[in-house]
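What follows is each chain in one-letter form.
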Amino acid sequence: MLRHYERYLQTKCQVISIAGTYVYPIFKVGYTSLMEDADMIFSDVEISACPETIIVLLRDPYARFQSGVDEYCKQNKKEFKDVYAKIKSRKLIDRHFMPQYLWLLHLYKWHKGKVCLKSFEYIKEITHFHRRANEEHPTIEPINNFIKVDRLLMNNINRTVPLEEIIRKYANVLS
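Thresholds applied
Residues numbered from 1 in each chain as written. Predicted model: local features only at pLDDT ≥ 70, side-chain atom pairs only at ≥ 80, totals over all residues. Heavy atoms only, no water. Phe/Tyr/Trp six-rings, centres within 6.5 Å; stacked < 30°, edge-to-face > 60°. Helix = DSSP H or I, 4+ residues; strand = E, 2+ residues; numbered from the N terminus. Buried < 20%, exposed > 50% of the residue type's maximum accessible area, 1.4 Å probe, protein only. Lys NZ or Arg CZ within 6 Å of the ring centre and 35° of its normal. Core = buried A, V, L, I, M, F, W, Y, C linked by side-chain atoms within 4.5 Å. Salt bridge = Lys/Arg side-chain N within 4 Å of Asp/Glu carboxyl O.

Turning our attention to the packing of aromatic side chains. Under the defined criterion, the tally for this structure stands at 8 aromatic pairs. Taking the centre distance of 6.2 Å and the plane angle of 80° together, the rings of tyrosine 72 and phenylalanine 97 count as edge-to-face. With a gap of 25 residues between them, tyrosine 72 in helix H3 (residues 61–76) and phenylalanine 97 in the loop between helix H4 (80–88) and helix H5 (100–108) connect regions that are remote in the sequence. Each of the two residues, tyrosine 72 as well as phenylalanine 97, counts as buried. One residue, arginine 95, lies across the ring of phenylalanine 27, its end atom 4.8 Å from the ring centre. One Lys or Arg, lysine 118, reaches over the ring of tyrosine 122 and ends 4.8 Å from the middle of that ring.

Next up, the structure:
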C-alpha cells in the first residue's frame, strides 16, 4: 500500500513553532489553524533545529476520514458519492484522508527524535485560533484501509515515544 503514497512522501515536510511549542501539523487535524498561528516554520532539513520532542495531534480516524473526503470534494468541486466510490475502489488517494501514520512516516524522513502524541482536542492548549471549528460533514462509512492503522495509533495518545518506535510498530498494518 505504501507505493500508493510515494508522491505524498516526497512533498515538503514542515514543523511549526507557536510560542515555543513545536508541532507537526497534519491535514484535517487543525492544519490550517496551526499554520496561520505559527511563529516559525521549519521545512525538511531545518527540522533538525527543532527540539528532540515534537507534538503531533491525532484526530479520531472516523471523523478525520469524513472531514478529509468532504474537503477533497469541496476543493476539487466533485460529487461526494463519486469521490467515495473512487476511494473505495482504490482509484483515489489524497493527503486530506490518507492515514495519519503516513504523515508520521513523512516526518520520520527529517526527525529522528521523539513525538508526543496528543488528541486533537489538545489544539486548544496550543492555539486559540480555530479556523474551521464545528464544520458539518456528510456521514459515510470509513474505509478500513484508511483508518485501521490510525485506530491503533490512537492507543498512544498522551505518550511521548521515539518516532522510530511508532514507525516500526505499525509498519506492517498498511500492507
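In this section: the side chain of glutamine 100. The residue glutamine 100 is located in helix H5 in this model. Given the relative accessible area of 1%, glutamine 100 is considered buried.

Attention shifts here to the nonpolar core. Within the largest apolar cluster, 61 residues are counted, with the highest numbers of intra-cluster contacts made by Tyr24, Val56, Phe65, Val69 and Ile87. Looking at which element gives the most residues to this core, the answer is H5, with 7 residues.

Within the structure shown, the criterion is met by 4 salt bridges. The residue aspartate 70 makes a salt bridge to lysine 74 at a minimum N-O spacing of 3.3 Å. Note that aspartate 70 and lysine 74 are positioned in helix H3 at a spacing of 4 residues, about one turn of the helix. On the basis of relative accessibility, which here comes to 8%, the residue aspartate 70 falls in the buried class. Its salt-bridge partner being arginine 159, residue glutamate 165 comes within 3.6 Å of it at the nearest N-O pair. Using a relative accessible area of 33% as the deciding quantity, one classes arginine 159 as partly exposed.

Any link to function would need more than the numbers given here.
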